[in-house]
Amino acid sequence: MPPDPVLRAAVRWLERLPASGAVRIRALFTTHSDYSDISPNQYEAAYTWLQTTGLLDDLRSSVPGPRRVFDAAIAHSGAPWLPDADLLVRGPDELPDDVLRAASSLGLNEGDAFGQLGAVWGKVDARERERIGAAGELALVELLETSTTARVEHVAAWSDGFGYDIAVHSARHPGHIEAKSTTRRGRLTVFLSRNEYETMRRDPLWELVAIRLTADLKPEAIATVPKEWIADQAPTDQSRQGRWESCRLEVPPDVPVPGIPRLAPVLTSDCSELLDGMAGWPG
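Every chain's residues receive numbers from 1 upward, in the order its sequence appears when written. Reporting in this predicted model follows two pLDDT cut-offs: at least 70 for local features of residues, and 80 or more for side-chain atom pairs to be given and counted; totals over whole chains, interfaces and linings ignore these cut-offs and use all residues. By convention in this description, side-chain values take in all heavy atoms of the structure and omit both hydrogens and water.

**Thoughts on helix α2 (residues 22–31)**
Stage number 1. Only protein chains enter the area calculation, which uses a 1.4 Å probe; residues under 20% of their type maximum are buried, those over 50% are exposed, and those in between are partly exposed. Helical segments are the DSSP runs of H or I of at least four residues, strand segments are the runs of E of at least two, and each set is numbered from the N terminus. Inspection of α2 places Ala 22, Ile 25 and Phe 29 among the buried residues, and these make up the whole buried set. Down the axis of α2, the buried side of the element spans an arc of 65°, and every buried residue falls inside it. Facing away from the buried side of α2 by more than 90 degrees, the exposed set consists of Val 23, Arg 24 and Thr 31.
Stage number 2. Buried residues along α2 sit in contact with α1 (4–16) and α3 (40–53). In this description, one arc is meant: the one made by directions from the helix axis to the C-beta atoms. Every residue pair with non-hydrogen atoms within 4.5 Å of one another is taken to be in contact.

**Here we look at the pattern of salt bridges**
Stage number 1. Each salt bridge in this description consists of a side-chain nitrogen of Lys or Arg and a carboxyl oxygen of Asp or Glu lying within 4 Å of one another. Per the counting criterion, the structure on display carries 23 salt bridges.
Stage number 2. Where Asp 37 meets Arg 12, a salt bridge forms, and the shortest distance between an N and an O atom there is 3.0 Å. One end of the pair, Asp 37, is in the loop between α2 and α3; the other, Arg 12, is in helix α1, with 25 residues separating them in the sequence.
Stage number 3. The partner of Glu 250 in a salt bridge is Arg 187, and the shortest N-O contact between them spans 2.9 Å.

**Observations regarding the sheet that holds strand β8 (residues 257–258)**
Stage number 1. The six strands are arranged β1-β2-β3-β5-β6-β8 in an open sheet whose pairing can be described as mixed. For this open sheet the edge positions go to β1 (151–153) and β8, each flanked by a neighbour on one side alone.
Stage number 2. As paired strands, strand β5 (residues 206–213) and strand β6 (residues 219–225) are joined by six bridges and run antiparallel to one another. By the bridge assignment, Ala 210 is partnered in β6 with Ala 223.
Stage number 3. To obtain an axis, a line is fitted to C-alpha atoms, over the contacting stretch when the element is a helix, and the angle between two such axes runs from 0 to 180 degrees between their N-to-C directions. On top of the sheet, helix α7 (residues 110–147) reaches β1, β2 (166–169), β3 (175–182), β5 and β6; it is set at about 135° to β3, its chief contact. Any two strands between which DSSP finds at least two bridges are classified as paired.

By themselves, these figures tell us nothing about what the structure is for.
Given below as structure tokens:
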């Protein structure tokens, strides 16, 4: 994260830019004694950082400057723990030192910092899941098209109402595949919608297929998560007045079955080893 003076300088820029231009504010920061606790170089570093993070694109935001700067500092930190913050940081007392330092410099207490971290993680995670999920679907479609004798249709490309992403059309061995993708090793997190779950329950062709991608979004492992395991883990509605619409499942490494067993009869002799299970599923 940026040093404390740069974070505080960033807040001052955000507080003053809506009412005046950058040239005038820069002169104020470098000549007025009230702002001499931060050096001109640090003010410039803060302005450049604001440009990089995109905070200068919305100077009329109603969100207080310290919170905007704190959120951006976390989101753009590149911290290796951020993708797994939901598991690694379960309370204010588990906040990393750099987060606590940034929060203190911006006048946020530990409770506020923990809440903001959760909100930032949620947004970053959602964007990453969308990016990785799209790449995984396309990679699986391509593999199926080149490794099976069936006709493959990427139905999610034009509708999300099916409850699955890919249809494999074969007279004797059809399949409906819900694809879930990840780039993480040692952790497979599956977000399942109610529609996907209900489709699983009524559609015998439905399969949940996990695709593990490399950092450059190339497929390196494929496995099927058994429907029986999913059914055992999914929430249960307690009454007609309460209904779950989506859930998150943490799939243990020993649960996925390598490849897509259902499609074994339609795989070609030179099919990808990712599909026939020979590549395995690394934990």
